[in-house]
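What the coordinates show
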Amino acid sequence: MLGLDLTDKLVVAVGGGPVSTGRVGDLVARGARVRVISPQLSAGLHELVDAGRLDWVARPYAGPPDLLDAWLVHTATGDGAVDGAVAADATTYRIWCINASAADEGTARTPARASVPTPDGPVEVAVTASGDPRRAGAVRRQIEASLSRGDMDLRRRRARPGTGWVALVGGGPGAEGLLTLRGRQLLACADVVVVDRLAPRGVLAQLPEDVRVVDVGKDVGFHAVPQERINQILVDEALAGHGVVRLKGGDPYVLGRGGEERLACEAAAVPVEVVAGVTSAISVPAAAGIPVTHRGLARSFTVVTGHDQVPSLPTGADHTLVVLMGVARLRDTVAAMIAAGRSADCPAAVVERGLLPGQRTTVAKLGELADRAAEVGARSPAVVVIGSVVTMAPEWSRQASSLSSTVSSPSPLSSNPGSAPPLSAPAPPEDR
Ligand code: SAH
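Residues numbered from 1 in each chain as written. Predicted model: local features only at pLDDT ≥ 70, side-chain atom pairs only at ≥ 80, totals over all residues. Heavy atoms only, no water.

**Regarding the overall build of the protein chain**
Helix and strand content of the protein chain: 11 helices and 17 strands. Computed over C-alpha atoms, the radius of gyration of the protein chain comes to 30 Å, more than 25% over the 22 Å expected from 2.2 N^0.38 for 432 residues, which places it beyond the range of a compact globule. Seen through its principal axes, the protein chain has C-alpha atoms that stretch 90 × 50 × 40 Å. Relative to its 432 residues, the protein chain shows a buried fraction of 45%. If you take every contact in the protein chain between residues at least 6 apart in sequence, the share linking residues at least 24 apart comes to 62%. Accessible area of the protein chain: about 20800 Å², with a carbon and sulfur share of 54%. (Helix = DSSP H or I, 4+ residues; strand = E, 2+ residues; numbered from the N terminus. Rg over C-alpha atoms; globule rule 2.2 N^0.38 Å. Buried < 20%, exposed > 50% of the residue type's maximum accessible area, 1.4 Å probe, protein only. Contact = heavy atoms within 4.5 Å. Areas by Shrake-Rupley, 256 points an atom, 1.4 Å probe, with all protein chains shown as cover.)

**Quick look at the confidence of the model for the protein chain**
Averaged over the protein chain, the pLDDT score is 90; the fraction of residues at 70 or greater is 91%. In the model, residues 405-426 has pLDDT below 50 throughout and makes 27 contacts with residues more than four positions away in sequence or in other chains. (pLDDT = per-residue confidence, 0-100.)

**Concerning the sheet that holds strand S8 (residues 165-170)**
In a beta sheet, neighbouring strands are held together by backbone hydrogen bonds and run either parallel or antiparallel to one another. A sheet is described by the order of its strands in space; here five strands give the open sequence S10-S9-S11-S8-S12, paired in parallel fashion. Each edge of the sheet is formed by a strand with only one pairing partner; in this case those strands are strand S10 (212-215) and strand S12 (272-275). Sheet twist, expressed as the mean angle between neighbouring strand axes with direction ignored, is 15 degrees. As judged from the four bridges shared by strand S9 (residues 192-195) and S10, these two strands associate in the parallel manner. Across the sheet, the residue bridging to valine 192 is arginine 212, located in S10. Running over the sheet, helix H6 (residues 227-239) touches S8, S9, S10 and strand S11 (243-248) and is turned about 155 degrees from S11. (Pairing = 2+ DSSP bridges. Axes fitted to C-alpha atoms, helices over the stretch in contact; angles between N-to-C directions.)

**Some points on the pairing of strand S17 (residues 382-386)**
Counting buried residues along S17, five of its five residues qualify, which places the element largely inside the surrounding structure. Direction of pairing for strand S14 (residues 319-323) relative to S17: antiparallel, over a ladder of three bridges. By the bridge assignment for S17, valine 322 is matched with valine 385. Examined bridge by bridge, strand S15 (residues 347-352) and S17 share five bridges and lie antiparallel to one another. Counterpart to alanine 349 in the pairing with S17 is valine 385.

**Details of the environment of arginine 23**
Looking at the secondary structure, you find arginine 23 in helix H1 (residues 18-29). In this structure, the C-alpha to C-alpha distance between arginine 23 and aspartate 236, residues 213 residues apart in sequence, is 43 Å. Those residues within four positions of arginine 23 in sequence are excluded, and the remaining contacts are His74, Ile98 and Thr110.

**Focus: the domain arrangement of the protein chain**
Assigned domains within the protein chain: domain 1 (1-110), domain 2 (113-148), domain 3 (165-278) and domain 4 (281-399). Centre-to-centre, using C-alpha coordinates, domain 2 lies 47 Å away from domain 4. (Domains from an automatic or database assignment.)

So this is what it looks like as C-alpha cells:
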C-alpha cells in the first residue's frame, strides 16, 4: 500500500452523489485540488463549490480530455458502465483510479482510515481487507477506539531538541474513569509525566516502563515543589525535545495554577495544550449526592479556597459555597461565613477523598460543622459544601437524627489521634 501526498495535486472526481461527497470532502481537507464532473451535485459538494474550494464541471463525463492533468481519478457515478469507462480511460492514460462501483478492481483503493491527533501531528492507520470494505471498516473502528482510549504507545521515535511540547492535563478527582480520553491520548504520547499528588496516579502504572515520571506531589506537612520549579521542569523538558504531560488533579484552571504553567510555556515558546478535567469542586459534592445547583434549592455556586474571600460572598442558603483546600482552616472559614451573615443553621458537608477508596461524607449545620469535622478527624483532601443543596445528600437524612447531638459513634480515624491534627492547631499546608 502507498501513501500519496495529494497537496495541490489535481484530482478529478466523476459523479456528485453521496459517495463522492464523502471522498471529495476528504480530498479537499487534505489539500488536493479537486474538479468534480457531474450534472448534479449534492448539497455538501455545493457548499464546497460556493466556498471556492472545489471546481465544478456541470455535465456528464465526456471522455479522456476530462482527465487531463489529473494525478488521481475517483469515479462514483452510480452507473457501473460509466464508472468502468472512466476507469478504463484512466488506465489508458496511466492515471491511478478509484472505482466506487468495483472497489476491488480499481487501480487505487481507499483504505478505511483511523486517525488520532497528537502534538507531533496526526498518527494514521489505514486498513484494507481483501476487497471487503465493511470488514475493513469494522477493524478500523476497533483500532480507532483503541487509539482514542490511549491504549497504544504513540510516542515519537524521532525526537529532536526544540520539538518538545507540554500538555496540561486535568486528571479529575483521582478516579481513573474520570480522566478524559484526550488526557489518555496525550499520556500515550508522553516521554515525561509530571504528576501531582491528587492526580489519578493509577494510570502511571499503565505507562510504558521507560516513560519518566517526575513526582511533584505534595504531602500534607512536607515542603512542596515550588510552582516556579515546576514551571521550570516543564519548560526544560520540552526544550530538551520531550513530550511532557503535566498530570494535574481536577481541572488545570480551577485553583490548580494551570494558567501560570501555560504562561511559563508560552514565554519559552513551548507549544502547550490544556485539557480540561473534571473538577473536584463539582464532582466530589456530586459523589456525595450533592448537586451544586438544584431547582428550588440553589441557582448558583461559588468556589473558594478559604476564609479570606468569605466576606464578599452571597450569604443565602440558595447560593452554594464550595470550599477547596479548606479543611485545615475550616473553623476560621465557618466563623467568617457566619460573621458575614450566613445562617448557622445552613446545611453543610465535608466530603473527604471523593470518588476514591474511603470516601466519607460528614454533614452538620454550619455552626456545628467544625466540631463535627474535628470529631471524625476529617482530613485533606476534602471538599466543603455549604447550602441547602446539602440536604440532597443521602448522608443528610441518615445523619439528621444526630445532627444537633454530639458524635454518634467514634470513627476509625478519630480513634487514632496521631492521624489528624486538631483543627484548631496552626494550619498545615493543604493539598493541592
Ligand atoms: N484543580 C483541582 C483543585 C486543586 S486544589 C480541581 O479542579 O479539582 C486541591 C483541593 O481539591 C484539595 O485540597 C481538595 O479540597 C480538593 N480535592 C481534589 N481532589 C479531591 C478528592 N478526590 N476528594 C476531595 N477533595 C478533593
